[in-house]
Amino acid sequence: MRHVAVDIVTGFLGSGKTTLLSHVLAHGLKGKPVAVVMNEIGEVGIDGQVVTGLNYVEKMVELSSGCICCSIDEYRFDLAIQELIETVHPHLIIIESTGLADPEPLTYRVKAAGLKLDAVITVVDAANVERFVKETEVATAQIEAADFLVVNKFDLVATGDVARVERRLRKLNPRALQFRSVRGAIDSEVLFATGVATYRERAREARATSDHLHQDAFGSFLYRSDVELDQPAFEHVLERLPDDVIRAKGIVRLVGRDWHCLFNVTCGRVELGWLKLPEDRTENQAVFIGRNLDRHRAGILDALRGSERAQAQRQGEVR
Amino acid sequence: MTATPKRPEDPAEPPPNPDATEGYSPEEEEEVQKRLEDLGYI
């Protein structure tokens, strides 16, 4: 049973990946079963020693003596993943790559291993990122692959320079959502898969407290329906979500499919997966997380209802 | 020399036959439910 989500934490040498990971793990991820794969090029894993022992880490596996994107073979990678899944049954695996890894091949590898890619989180050193981008291709690749860009060490840079760095990053990757952080301290739950459940819970509560959504930087709302959706129309909706929608996630029934569809949208990247669930489970459920959702909620829900209608129309045409 | 993993096939198509045609055991169903809740799918 491999219903495991993977978040990849990447970033150039010295950007603060391990510091970010330590902060996030030390502060919880809401106590979900999390496993960590640390990849280091050297024989001795220093970063691994930092992460081991944090409260919420069920298990940490080190892949040393090679880079996870190129020189560690698929067999070793699969073995490490298999060991994690069999021994601790994690719901989320966080992979921290080396500072020299290109995340894109790693994302293919994750998917090929039958895991669900949740997000690529790239940490950048605000003081040095412009130089790294000029001097190396991999620093650019890391930024371009990101769903979330964490601009770390921004306290070490003048305000105007941070704004310039952020503009440069936006040029390289307009899709990614940017966060600022100091010493990896970041309080956003949208970064990791397990944080989505929190927003779903808030969206449920929002029924009772109408102004709740306005209190947070990000809001959320739910979509629920008992009608099967037309797959092309549904995918069309997901691919055209407004940029303000940071994440969308859920389970829906699609016409002509025996399996339930698990979908995940992270900063415009759409992933569909499939899961065999009992047939009596017919309700579509989805959560949408982002900014300015008051502006977008009605349009998105209308478009989803349109996916229901698209199916009804097609059935009418067949008849 | 480095080896770049091949891009996997589009995962959008599920396998033609579910591997668990008789469904999950009650324990497995409970586990699946918990995972889906934890990851925000339901």
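Remember, it's a predicted structure, so these values are computed and weren't measured experimentally.

Basis of the calculations
- Residues numbered from 1 in each chain as written.
- Chains lettered and ligands numbered in written order.
- Predicted model: local features only at pLDDT ≥ 70, side-chain atom pairs only at ≥ 80, totals over all residues.
- Helix = DSSP H or I, 4+ residues; strand = E, 2+ residues; numbered from the N terminus.
- Buried ≥ 20, exposed ≤ 12 C-beta atoms within 10 Å, placed from the backbone.
- Contact = placed C-beta atoms within 7 Å.
- Core = buried A, V, L, I, M, F, W, Y, C linked by C-beta atoms within 7 Å.
- Domains from an automatic or database assignment.
- Nonpolar A, V, L, I, M, F, W, Y, C, P; charged D, E, K, R; others polar.
- Pairing = 2+ DSSP bridges.
- Axes fitted to C-alpha atoms, helices over the stretch in contact; angles between N-to-C directions.
- Arc of directions from axis to C-beta.
- pLDDT = per-residue confidence, 0-100.

Participant: Hey, could you run me through the overall build of chain A in this one?
Facilitator: Within chain A one finds 10 helices and 12 strands. Scored against the burial criterion, the 319 residues of chain A give a buried share of 48%.

Participant: I'm lost on the environment of Ala113 of chain A in this one. Help?
Facilitator: All names here are of chain A. By the element assignment, Ala113 lies in the loop between helix 4 (103-112) and strand 5 (116-125). Look at Ala113 and you get buried, because 20 C-beta atoms sit within 10 Å. For the pair formed by Ala113 and Ser225, sequence separation is 112 residues and the distance between their alpha carbons is 32 Å. Apart from residues lying up to four places away in sequence, Ala113 is in contact with Asp78 and Ile81.

Participant: I tried to follow the nonpolar core on my own but got confused; where do I start?
Facilitator: Generally speaking, soluble globular proteins have nonpolar side chains that are buried together. Residue and element names in this part refer to chain A. Counting residues in hydrophobic clusters, the biggest one holds 89 residues, and the most contacted among them are Ile93, Ile121, Phe148, Leu149 and Phe288. Here this core gets 6 residues from one element, more than from any other, and that element is strand 5. Residues lining this core come from more than one domain, with at least three contributed by each of domain 1 (5-187) and domain 2 (196-318). Not counting residues up to four positions away in its chain, the partners in contact with Ile121 are Asp7, Ile8, Val9, Ala146, Phe148, Val150 and Leu191.

Participant: Would you mind showing me how to read the domain arrangement of chain A here?
Facilitator: Accessible area lost on assembly of the parts is the figure often given for the size of an interface. Residues and elements named next belong to chain A. Segmentation of chain A into domains returns domain 1 (5-187) and domain 2 (196-318). Contact with domain 1, which involves 10 residues of that partner, is made by 9 residues of domain 2. The greatest single-element share of the side of domain 1 that touches domain 2, amounting to 4 residues, is contributed by strand 5. Of the residues assigned to the side of domain 1 that touches domain 2, the class counts are 5 nonpolar, no polar and 5 charged.

Participant: Just checking my understanding: could you explain the environment of Arg168 of chain A for this structure?
Facilitator: Residues and elements named next belong to chain A. Here Arg168 lies in helix 7 (residues 159-172). We classify Arg168 as partly exposed; it has 14 C-beta atoms within 10 Å. Taking C-alpha positions, Arg168 is 13 Å from Ala127, a pair spaced 41 residues apart along the chain.

Participant: Teacher, can you tell me more about unusual backbone geometry here?
Facilitator: Residues and elements named next belong to chain A. The phi angle at Lys153 is positive, at roughly 60°, despite the residue not being glycine. Examined against the element boundaries, Lys153 turns out to sit in the loop between strand 6 (148-152) and helix 7. The phi angle at Asn292 is positive, at roughly 55°, despite the residue not being glycine.

Participant: Help me out: how do you make sense of the pairing of strand 10 (residues 260-266) of chain A in this one?
Facilitator: Each regular strand displays side chains that alternate between the two surfaces of the sheet. All names here are of chain A. Burial within strand 10 is extensive, with 6 of its 7 residues counted as buried. Where strand 10 meets strand 11 (residues 269-275), 7 bridges bridge the pair, whose relative direction is antiparallel. Across the sheet, the residue bridging to Cys261 is Trp274, located in strand 11.

Participant: What am I meant to see in the sheet that holds strand 11 of chain A here?
Facilitator: Whether parallel or antiparallel, the strands of a sheet pair through hydrogen bonds between backbone atoms. All names here are of chain A. The strand order across the open sheet formed by 5 strands is 8-12-9-10-11, and the pairing between neighbours is antiparallel. Of all the strands in the sheet, the pair left with one neighbour each is strand 8 (219-225) and strand 11. Neighbour-to-neighbour, the strand axes of the sheet open up by a mean angle of 10°, direction not taken into account. On top of the sheet, helix 8 (residues 196-205) reaches strand 8, strand 9 (245-252) and strand 12 (284-290); it is set at about 75° to strand 8, its chief contact.

Participant: Is there a simple way to explain helix 6 (residues 137-144) of chain A in this structure?
Facilitator: A turn of α-helix holds 3.6 residues, and therefore any two residues three or four places apart point the same way. Residue and element names in this part refer to chain A. Three or more residues of helix 6 are buried, namely Val138, Ala139, Gln142 and Ile143. One side of helix 6 carries all its buried residues, which in axial view fall inside an arc of 145°. Tucked into the core, helix 6 has its buried residues touching strand 1 (5-11), helix 4, strand 5, helix 5 (129-135), strand 6 and helix 7.

Participant: How should the confidence of the model for chain A be read in this particular structure?
Facilitator: Do not read the predicted coordinates in detail wherever pLDDT is low. In the predicted model, chain A carries a mean pLDDT of 83, and 81% of its residues have values of at least 70. Under a pLDDT of 50 for its full length, residues 208-215 of chain A has, in the predicted model, 6 contacts with residues more than four places off or in other chains.

Participant: Can you walk me through the confidence of the model for chain B in this structure?
Facilitator: Residues and elements named next belong to chain B. In this model, chain B carries an average pLDDT of 64, and 45% of its residues clear a pLDDT of 70 or more. Across residues 6-13, confidence stays below pLDDT 50; counting only partners more than four residues off in sequence or on other chains, it has 7 contacts. Overall, residues 16-22 carries pLDDT values under 50, and its contacts beyond four positions in sequence, including any with other chains, amount to 4 contacts. In the predicted complex, the global pTM is 0.82; the interface-specific ipTM is 0.74.

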